[in-house]
Every structure is written in structure tokens, then in C-alpha cells.
Amino acid sequence: MAFVMDTKEPVGVATSDPLQLPIITKFKIALCQLIVTPNKKENIENAHRLIEIAVEQGARIVVLPEMWNCPYSTDYFAKHAEDFDDEDALLTFSMLSEVALLHKITIIGGSMPEWSNGHLYNTCCIFGPDGKLKAKHRKIHLFDIDIPGEISFKESDTFKAGDEPTIVDTDLGRIGIGICHDIRFPEFAMLYREKGVHLICYPGAFNMSTGELLWELEQRARAVDNQLFVATCSPARDSCGSYTIWGHSTLVGPSGEIIATSGHQEAVVVGEVDYSKIHLQRRSFPINKQMRRDIYKFVNKHEQNGLEG
């Protein structure tokens, strides 16, 4: 079956009521922490298998990891990349579209290397229950790191950065998308809150150094500071490649509580999202009303770009 693409503008528009909730406010979300191999076809088949397991457990939204159709390595990015304008070569893209349609689920498709106009992007595709591409998010904050004696990696040597936040309106709420290093920037998550997002999904692949120190901390901070849900999905640690991955895919609630999480092995993590918890937190702790926007200069800059308080 050929995939179909939604031609609607994928990036959401700010609402006058940032606390507006969808009709469906409680549902299950699954995080598919899969093993990644150098074999692209094998990775696609494995992702398909884990999505089926997630559906069997009642998941309405399924999230995949960062760079799951190839190892997180410069040796594989270009070789496994897909040009979304070449329908005959979209093996990864087509599988996600078909499975979303078959099971009537929303798929946050992790990320894959994308070729476009001669550039490589680290791109997350989001598919709706109709199998259509609802949006794609190109990683905005590229991961350049140099920890002496531990790890050195410069993602900007390979990828071009995206330049737009991505918000997707679904029957299961307004979803914001980030990829891995995007989670390190609190202003990015704050922008999503200002746009009325209920759930931020971060496919990621933190390494052993940053993972142990920061992975859980960043997720809980983004969730509690913005009083919304955060879901992360990582590849399993025993994936191939020189880059050793931390794992620990997690769902965090709006008070910073961990709802569901995994270890570092391959797993399907299923947790319940209940948006009433957002209302509870924001009524109990009305921090958005207490913000001193006359002092926070970066918030004032956002407002000048058309964001509502």
C-alpha cells in the first residue's frame, strides 16, 4: 500500500486558551526501545514488531527512538537516509504510514536521516491514524560535544539543523516534538507550553556520560517546569555502532513524576497519559500567571514574535 501525505500545515497555531483539552483526555502511550543493527531492513521489521506489541497493549500513541533505522554513527547516516520525494525508496517512511493506518494509531516516528536538497537532516515524522504524514520535525539543536577522555562527537559536521518548532494537533491532544539535544533547551519547551501543548515527545539517544547525569533530570525538569507530559524514547544500549547509548525510555507527568520507564534493554514501555493532571497542577501551582514577564527578556522576545501569554 502506498503512503499518503497530509497537505495541511503541520506546525500548530497558538490558541487563545492554552489549557484547552481534547475530547480524549486519557489514553495509553507506548515507547518502543528497540535494538538497532547495521541492517536497515532488519531494523524496520523489528520496529514493526514492537509497534504490534504496543498496539496489543492498548497504545493509542506509539513513539520510536532517535535514529532507529540505522546505528547512531556517521558511517551509516548517509547510507540509510531517505529522500521523502522519492516514493519508491521510502522503506522506513512507508512502513510507519501503513502501520498507523492499519491500527488507527498516531506514530511519533522517532527519527531517521533525511536527504533534502543536498543536505542531511535528523528528522522525526509523525503519522496520524489515517496513515497520513501530519508533520515532520528536523532536529533544531545539533549535538556537538567534547568531553576529554570520554566522548567527542560533532553532529553539525553531518547534519543541517532545522529551524522550526513542530506542533501537531491530534485527537489525543496537542503534541510538541523535539529530538534528543532539543531537550537541553528549556526555552524550547516553554515555547511549546505557550502554544498550548499537552505532551512533548523527545526521541533521543543520550550516551553513557550525558545519560547517567542528565537524561532523567532533563525530562523531569521540562515536565514539571511547564506542567505537561514528557515522553522520551531511546534505542536499546546493545545497539551496534561506536556510540554507546544510555537507554531508559520514560514517560513523565506534569508534576515531574515518573509514570513508566525502562532499563537499557530492548523493551516496549506502556504508560497512561491523563490530561486532568495538567489541570490539577496548573490550578494548584499557577506559575504561568506568576511569571514576571516584565523581567524575563527571552519571554518578551517571544511575545514580540506573536506568542500569547
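Computed from a predicted structure; not experimentally measured.

### Digging into the confidence of the model for the protein
When pLDDT is averaged across the protein, the result is 89; 89% of the residues are at 70 or more. The low-confidence segment residues 1-17, where pLDDT is below 50, has 37 contacts with residues more than four positions distant or belonging to other chains.

### Quick look at unusual backbone geometry
Peptide bonds are, in most cases, trans, and in most cases residues other than glycine have a negative phi. A positive phi angle, close to 50 degrees, is found at M67, a residue other than glycine. Positionally, M67 belongs in the loop between β3 (59-63) and α2 (77-80). Phi at C180 is positive, roughly 45 degrees, even though this residue is not glycine. Along the chain, C180 falls in the loop between β12 (173-177) and α4 (186-194). The buried category is assigned to C180, whose relative accessible area is 5%.

### Some remarks on the sheet that holds strand β14 (residues 229-233)
Strand order in the open sheet formed by 6 strands is β11-β12-β13-β14-β15-β16, and the pairing between neighbours is mixed. This sheet does not close on itself; its edge strands, each paired only once, are β11 (166-170) and β16 (258-261). Neighbour to neighbour, the strand axes of the sheet diverge by 20 degrees on average, direction disregarded. Sheet topology note: the β11/β12 ladder contains 5 bridges and is antiparallel.

### Here's the deal with the side chain of E114
Tracing the sequence through the fold places E114 in strand β6 (residues 112-116). One polar contact links E114 to R138, side chain to side chain, over a distance of 2.9 Å.

### Concerning helix α1 (residues 40-56)
Helix length check: α1, at 17 residues, gives a terminal C-alpha distance of 25 Å against a target of 24 Å (1.5 Å per residue), a fit within 8%. For α1, every residue scored as buried is listed here: K40, N43, I44, N46, A47, L50, I51 and A54. Burial along α1 is one-sided: seen end-on, the buried residues are contained in an arc of 165 degrees. For α1, the exposed residues lying more than 90 degrees away from the buried face are K41 and E56. Structurally, the start of α1 carries an N-cap: the backbone nitrogen of K41 is 3.1 Å from a side-chain oxygen of N39. Phi for G58, located one or two positions after α1, is positive at around 90 degrees.

What counts, and at which threshold
Residues numbered from 1 in each chain as written. Predicted model: local features only at pLDDT ≥ 70, side-chain atom pairs only at ≥ 80, totals over all residues. Heavy atoms only, no water. pLDDT = per-residue confidence, 0-100. Contact = heavy atoms within 4.5 Å. Helix = DSSP H or I, 4+ residues; strand = E, 2+ residues; numbered from the N terminus. Buried < 20%, exposed > 50% of the residue type's maximum accessible area, 1.4 Å probe, protein only. Pairing = 2+ DSSP bridges. Axes fitted to C-alpha atoms, helices over the stretch in contact; angles between N-to-C directions. Polar contact = N/O pair within 3.5 Å; in protein donor to acceptor, adjacent residues only side chain to side chain. Expected span 1.5 Å × (residues − 1). Arc of directions from axis to C-beta.

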